[in-house]
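# Survey of secondary and tertiary structure
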Amino acid sequence: SVTSIGDSAFRGCSGLKSVTIGNGVTSIGDYAFGGCSGLKSVTIPDGVTSIGDYAFGGCSGLKSVTIPNSVTSIGDSAFRDCSGLTSVVFNAENCTTMGSSTAFVFSGCTNLTNITIGNNVKNIPDYAFRGCSGLTSVTIGNSVTSIPDYAFRGCSGLTSVTIPVSVTSIGNYAFYGCSSLTSVNIPNSVTSIGYEA
């Protein structure tokens, strides 16, 4: 019967190892699991539409996260300093807000090496994976129509990118600061490339 997890509900529960979130939950509040450094496993059910600011910030034991397709907004620094996080699967088809220009969702996730964007995702929000300096591999689903502004800015470990033929535009600063990038495949479907992309 639980429909929301309130702000700071389990904040600082450093001994918490795993969490099962019921299917009725639609929102996870600000700092809900912030600082739960012992948390190793969490499943975010399909039905959750919003993940609050710093909701899982500082969950340094978390290894992988799947963002379900029901999520429409992810708050500032939602997974900040999840230093153990190595992989993210992003399936949120209708997500329009993901962090901000100053508070990136995955800031400080230095071991995040692999990101997969699901095949049903058409639009990636601005700033989505900005500052993921450990990122070496990204798989972009074949329904994505645009790489938005700042999407992979500062992903200095990224070495190669293949952009699917569904993509028609690459936004401003999309890959700015990706200093290790040696190979990029831009298909002929792309009609616009933004400023300092």
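Structural data are supplied above this passage.
Since the model is a prediction, treat every value here as computed from it, not as a measurement.

## Remarks on unusual backbone geometry
Non-glycine residue Ser-8 carries a positive phi angle of around 60°. Relative to the helices and strands, Ser-8 resides in the loop between strand E1 (4-5) and strand E2 (18-20). You will see that Tyr-173, though not glycine, has its phi angle at about 60°, which is positive. Structurally, the position occupied by Tyr-173 is in the loop between strand E14 (169-170) and strand E15 (183-185). With relative accessibility at 18%, the residue Tyr-173 sits in the buried group.

## Quick look at the nonpolar core
Counting 58 residues, the largest nonpolar core has Phe-56, Phe-106 and Phe-129 as its most contacted members. Elements with a contribution of two residues or more to this core: strand E6 (64-67), strand E8 (87-90), strand E10 (114-117) and strand E11 (137-140). Setting aside its immediate chain neighbours within four residues, Phe-56 contacts Ile-28, Phe-33, Leu-39, Val-42, Ile-44, Ile-51, Ala-78, Phe-79, Arg-80 and Cys-82.

## As for the environment of Ser-166
With respect to the helices and strands, Ser-166 occurs in the loop between strand E13 (160-162) and E14. Between the C-alpha atom of Ser-166 and that of Gly-154, which follows or precedes it by twelve residues, the distance is 24 Å. Filtering out sequence-adjacent residues up to four positions away, Ser-166 remains in contact with Gly-141, Asn-142, Ser-143, Val-144, Thr-145 and Ser-189.

## Quick look at the pairing of E11
Here E11 shows a buried face lined by Val-138 and Ile-140 and an unburied face lined by Ser-137 and Thr-139. Sheet analysis places E10 next to E11, joined by four bridges and oriented parallel. Bridge pairing links Thr-116 to Thr-139 in E11.

## Re the sheet that holds strand E7 (residues 73-74)
The five strands are arranged E1-E3-E5-E7-E9 in an open sheet whose pairing can be described as parallel. Whereas interior strands pair on both sides, the edge strands pair on one side only; in this sheet they are E1 and strand E9 (97-98). Examined bridge by bridge, strand E3 (residues 27-28) and strand E5 (residues 50-51) share two bridges and lie parallel to one another. The residue of E5 that forms the bridge with Ile-28 is Ile-51.

## Here's the deal with the state of the cysteines
Counted according to the given criterion, the structure contains zero disulfides. Residue Cys-95 stays outside any disulfide, its sulfur separated by 14 Å from that of Cys-132, the closest cysteine. Among the residues examined, Cys-95 registers a relative accessible area of 3% and is labelled buried. Cys-132 forms no disulfide, and the closest cysteine sulfur to it belongs to Cys-155, at a distance of 5.1 Å.

Parameters at a glance
- Residues numbered from 1 in each chain as written.
- Predicted model: local features only at pLDDT ≥ 70, side-chain atom pairs only at ≥ 80, totals over all residues.
- Heavy atoms only, no water.
- Helix = DSSP H or I, 4+ residues; strand = E, 2+ residues; numbered from the N terminus.
- Buried < 20%, exposed > 50% of the residue type's maximum accessible area, 1.4 Å probe, protein only.
- Core = buried A, V, L, I, M, F, W, Y, C linked by side-chain atoms within 4.5 Å.
- Contact = heavy atoms within 4.5 Å.
- Pairing = 2+ DSSP bridges.
- Disulfide = S-S within 2.5 Å.

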